[in-house]
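These are the residues of each chain, in order.
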Amino acid sequence: MDKFVNKSSCIYDAKSPRKKIKLESDKRIENEDEGGEFSHPVPWQKIEAEGLDCDYALLFSKEEAHHLFKQLEEEVVYSTGEEAKVQLFGKVHNIPRKQATYGDAGLTYTYSGVTRLACPWTPTLEYIRDAVTKTTVQTFNFVLVNRYKDGQDHMGEHRDDEKELDPLCPIASVSLGAPRDFIFRHRDARGKQSHRQIKPVKLELAHGSLLLMNSPTNTFWYHSLPVRRKISLPRINLTFRRILLGRKK
DNA sequence: AACATTACAAACGG
DNA sequence: TCCGTTTGTAATGT
């Protein structure tokens, strides 16, 4: 069995009050003044493998994360009807989760042959976007919201390799609600006849956490959120992205 | 025109 | 039997 990334390898436990310490790895320090909105540096955990480069941190306290989850439950309007379906191998399926797209005016996002228009940012999505921006020193103009009502809702293995994404901008994934397993698999280690034996990278995405998927992770590694039948509580995931203006082809 | 597929379900294995 | 993982899919959009 592959070991999950051990959360206890963080500098300190998220459940305890955050201490003021400066870390080389804290991306926040560069653009932050003392006593600002985020006076507590985030301890980052580096996750690396061949062609995989991610950073993981607990961005929100349990209390704040709970509040944000509640606000999103009130604000976010999810796609229905045709927008909630996907066509694959010639068959139409309902997606096994709920999905919504928000972002700057006029932006569109296409995957699996379906193009969606970004809804205008809600106050809570803007708040979370700004918190992620302050932490990562990156700007984002779009967010894909996925809501998993319980452990039966899931997302299959895929890469975020759409052409309209800025290839050098990381994808910032914020998790709220039930913790869920998240699995990366190298593209050369998939399928029955794969020559290479590269172990999957597995982690658990905690309530209030932020996972940064840096380039070139999405070129070489697929990721999925598998079914976990024992989980009965919902999870909301926000993936902030930078979409290039002016559609490319 | 090759190629990949954000879906499910059947087949396995523990 | 239950749960998790792997395999096949055979149409379509890029």
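Residues numbered from 1 in each chain as written. Chains lettered and ligands numbered in written order. Predicted model: local features only at pLDDT ≥ 70, side-chain atom pairs only at ≥ 80, totals over all residues. Heavy atoms only, no water.

S.K.: Any chance you could break down the sheet that holds strand β9 (residues 155-158) for me, citing the residues and the numbers?
M.R.: Spatial ordering of the open sheet is given by β9-β14-β11-β12, a layout of four strands whose pairing is antiparallel. Either end of the sheet is taken by a strand with one partner, and the two such strands are β9 and β12 (201-205). Going from strand to strand, the sheet's axes swing by 15 degrees on average, the running direction of each strand aside. Bridging between β9 and strand β14 (residues 221-225) involves two bridges; their strand directions are antiparallel. Paired with His158 across the two strands is His223, which belongs to β14. (Pairing = 2+ DSSP bridges. Helix = DSSP H or I, 4+ residues; strand = E, 2+ residues; numbered from the N terminus. Axes fitted to C-alpha atoms, helices over the stretch in contact; angles between N-to-C directions.)

S.K.: Now, about helix α2 (residues 123-136): what can you tell me, with residues and values included?
M.R.: A rise of 1.5 Å per residue sets the reference length of α2, with its 14 residues, at 20 Å; its end C-alpha atoms lie 20 Å apart and thus fit the reference within 8%. Residues of α2 that are buried sit in contact with α1 (62-75), β5 (98-103), β8 (142-148), β10 (171-177), β13 (209-213) and β15 (235-241). Residue Val137 follows α2 closely and has a positive phi angle near 55 degrees. (Expected span 1.5 Å × (residues − 1). Contact = heavy atoms within 4.5 Å.)

S.K.: Pulling in residues and values, what's your account of the UniProt feature "binding site: 2-oxoglutarate" (unreviewed entry) in chain A?
M.R.: In the numbering used here, UniProt assigns the "binding site: 2-oxoglutarate" (unreviewed entry) feature to Asn146, Tyr148, His158, Asp161, His223, Arg235, Thr239 and Arg241. For the second largest pocket, the lining residues drawn from the annotated set are Asn146, Tyr148, His158, His223, Arg235, Thr239 and Arg241. Following the sequence through the fold, Asn146 ends up in strand β8. Within polar-contact distance, the side chain of Asn146 engages the side chain of Arg97 at 3.0 Å. (UniProt positions renumbered as here; feature names shortened; annotations may be inferred. 1 Å grid on protein atoms, 1.4 Å probe; cavity = no way out; pocket = protein on both sides within 12 Å on 5 of 7 lines; lining within 4 Å. Polar contact = N/O pair within 3.5 Å; in protein donor to acceptor, adjacent residues only side chain to side chain.)

S.K.: Run through the protein's contact with DNA strand B, naming residues and quoting values.
M.R.: By nearness alone, 17 residues border DNA strand B, and Leu88, Ser112, Met155, Glu162 and Tyr222 come closest of all. Considering the 4 Å shell around the protein, atoms of DNA strand B inside it are sugar or phosphate in 48% of instances. Ser112 places a polar side-chain atom, nitrogen or oxygen, 2.3 Å from a phosphate oxygen of DNA strand B. The contact in question runs from a phosphate oxygen of DNA strand B to an N or O atom on the backbone of Gly156, over 3.1 Å. Secondary-structure elements contributing two or more residues to the surface near DNA strand B are β3 (85-88), β6 (108-111) and β9. With three residues, the top contributor of residues to the surface near DNA strand B is β9. By residue class, the composition of the surface near DNA strand B is eight nonpolar, five polar and four charged. (Near = heavy atom within 4 Å. Nonpolar A, V, L, I, M, F, W, Y, C, P; charged D, E, K, R; others polar.)

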